[in-house]
Amino acid sequence: MISANNVTLRVGKKALFEDVNIKFTEGNCYGLIGANGAGKSTFLKILSGELEPTNGSVAVTPGQRLSFLKQDHFQYDEFTVLDTVIMGNQRLYDISREKDAIYAKEHFTDADGIRASELEAEFAEMDGWNAESDAATLLNGLGIPTEEHSSTMQSLQGSFKVKVLLAQALFGNPDILLLDEPTNHLDLDAIAWLEEFLINFENTVIVVSHDRYFLNKVCTHTADIDYGKIQLYAGNYDFWYESSQLLIRQMKEANKKKEEKIKELQEFISRFSANASKSKQATSRKRALEKIQLDEIKPSSRKYPYIDFRPNREIGNEVLMVEDLTKTIDGEKVLDHVSFVMGHDDKIAFVGSNELAKSTLFKILAGELEPDEGNYKWGVTTSQSYFPKDNTEIFDTDLSITEWLTQFSEIKDATYVRGFLGRMLFAGEDGVKKMKVLSGGEKVRVLLSRMMIEGSNVLIFDEPTDHLDMEAITALNNGMIKFPGTILFACRDHQVVQTTANRIIEFMPDGSIVDKVTTYDEYLESDEMARKRQVYSMSESDAADN
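Residues numbered from 1 in each chain as written. Predicted model: local features only at pLDDT ≥ 70, side-chain atom pairs only at ≥ 80, totals over all residues. Heavy atoms only, no water.

Chemist: An account of the pairing of strand β16 (residues 486-490) is needed here, citing residue identities and associated values.
Modeler: The element β16 is largely enclosed, with a buried count of five among its five residues. Neither face of β16 is open: one carries Thr486, Leu488 and Ala490, the other Ile487 and Phe489, and all of them are buried. Taken together, the three bridges between strand β12 (residues 347-351) and β16 define a ladder with parallel strand orientation. Residue pairing in the sheet places alanine 349 in a bridge with phenylalanine 489 of β16. Bridge count between strand β15 (residues 458-462) and β16: five bridges; the pairing is parallel. (Buried < 20%, exposed > 50% of the residue type's maximum accessible area, 1.4 Å probe, protein only. Helix = DSSP H or I, 4+ residues; strand = E, 2+ residues; numbered from the N terminus. Pairing = 2+ DSSP bridges.)

Written out as structure tokens, the structure is:
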């Protein structure tokens, strides 16, 4: 068990948390939710001991081991992938290294023998002999190929490093597991594996995530941070949302009845307070009036942007034809004779672990990259708006947000452009902010503003939910569902894919595709996916045997 006791954290004059008391017990998975800036990651750091609260304390059951998902992707560059995972249980790793150092000695003393014996006993008690196979199973589950396990962390691409650090946090069956955005940069297959892992995990989990589907799948409880307090609910994210909305409705209805009673009492007092025969009744009602207290209903600190993509022109029947697109990057064939035809009712989700293939296709279709072979043709009635995964170059400018967005608007009027910014929660003088200084979430909201202003009838999204909070993801999801045009998109948010797409194209590791007209959940349950999962589980078994 881990608990926070009267925890307060002040940043300057502002109290981020005030007298927080909460217990997290064994066998439960807690989703820690709240608006951006509410302090979710900060609270996890307090629980982990990385950050000291201004007042109060954190208590952990004696003897229990706590594991916290690391965020520094360069901390372990000099270590191998397997060693990095095993460091999730630092004591076990240290024992292993000390044993190896003793056995490597040229002159082995009696004291060395006694120490080695002690270490061997502790090593066996911690199931050290299975450490490498356990670590390999985690890595394979998250999609790290076996041939990479002996590589150094420095040689891995960024998405693989994220997975290794997640495997490190999961390693060794920790008693308390703290996960801050564990699904960030994971492909949908890895997220599905993590969901199953956490569902079967028997100890305490506290997780911060903006993925609603993920929280609904794994969480038994929801801890909601709002106005410096943490309210605990039994149930997953959807249950929290329904419960919190029901509570607000009940409080409003109760206040309405109280207001009606107040009005009734005030009218009686006003009417009969000067009447001698009614004075006792008027006095009694005054006392009753003084006792009525309206419930304080604070508006949530959550703010939802308004995302509405309205095409300037209705799309025709001919939208997009892709024929034999092939592209090799750095000697690797990323796209291998990819062909498909897109209709005017299609909203296509591109899935699979081959993220480079998806981004490469989108860049080609957006005109930013030339294919090596093959061709594509947009319909004459189409207009496209593209949301890139990497927006570094876009924001390398001295322009303000308003100046930059005005370039894409037919109406060259700052007030008109600021109207779109207002929808995306840029208030007042935010419009004069320089593009260079924006946060990750602000950059995404600016790009979405551009897409709304452009009024295109074809939208291309490459991981648009990265850096967005849950409220913005919900708004984007709704906007994509309502959009009357066509969409090509890649997204790690299961709920966005399931509720938006009516067609799934999966990129296979070799750059080829599997194309099906279906929802995402139906696709996952298809025979082909079942076959893939069987092969996948066999590879896990092979890793365990090794």
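Chemist: Any chance you could break down the confidence of the model for the protein chain for me, citing the residues and the numbers?
Modeler: When pLDDT is averaged across the protein chain, the result is 90; 96% of the residues are at 70 or more. Within the protein chain, no element has a lower average pLDDT than helix α18 (residues 527-545), which sits at 47, and none a higher one than β15, at 98. Across residues 533-546, confidence stays below pLDDT 50; counting only partners more than four residues off in sequence or on other chains, it has 16 contacts. (pLDDT = per-residue confidence, 0-100. Contact = heavy atoms within 4.5 Å.)

Chemist: With reference to specific residues and values, describe the sheet that holds strand β10 (residues 320-329).
Modeler: Across the sheet, three strands lie side by side as β11-β10-β13; this open sheet has antiparallel pairing. If you trace the sheet from one side to the other, it starts and ends with β11 (332-342) and β13 (373-378), each paired once. Strand-to-strand twist of the sheet, defined as the mean angle between neighbouring strand axes without regard to direction, takes the value 20 degrees. As judged from the five bridges shared by β10 and β13, these two strands associate in the antiparallel manner. Opposite threonine 326, over in β13, you have glutamate 373 as the bridge partner. (Axes fitted to C-alpha atoms, helices over the stretch in contact; angles between N-to-C directions.)

Chemist: Explain the state of the cysteines to me, using residue names and the numbers behind them.
Modeler: Within the structure shown, the criterion is met by zero disulfides. The closest cysteine sulfur to the non-disulfide-bonded cysteine 29 is located on cysteine 219, 4.1 Å from its own sulfur. A residue is classified by how much of its surface remains accessible, and cysteine 29, at 3% relative accessible area, is buried. The thiol sulfur of cysteine 491 is not disulfide-bonded, and the nearest other cysteine sulfur, from cysteine 219, lies at 19 Å. You can call cysteine 491 buried: its relative accessible area is 5%. (Disulfide = S-S within 2.5 Å.)

Chemist: Help me get a handle on the side chain of histidine 149, residues and values and all.
Modeler: Inspection of the secondary structure puts histidine 149 in the loop between α5 (131-141) and α6 (158-170). Assessed through its relative accessible area of 4%, histidine 149 is described here as buried. Leave out the neighbours within four places in its chain, and histidine 149 touches Thr80, Val81, Leu82, Ala136, Leu139, Asn140 and Ile144.

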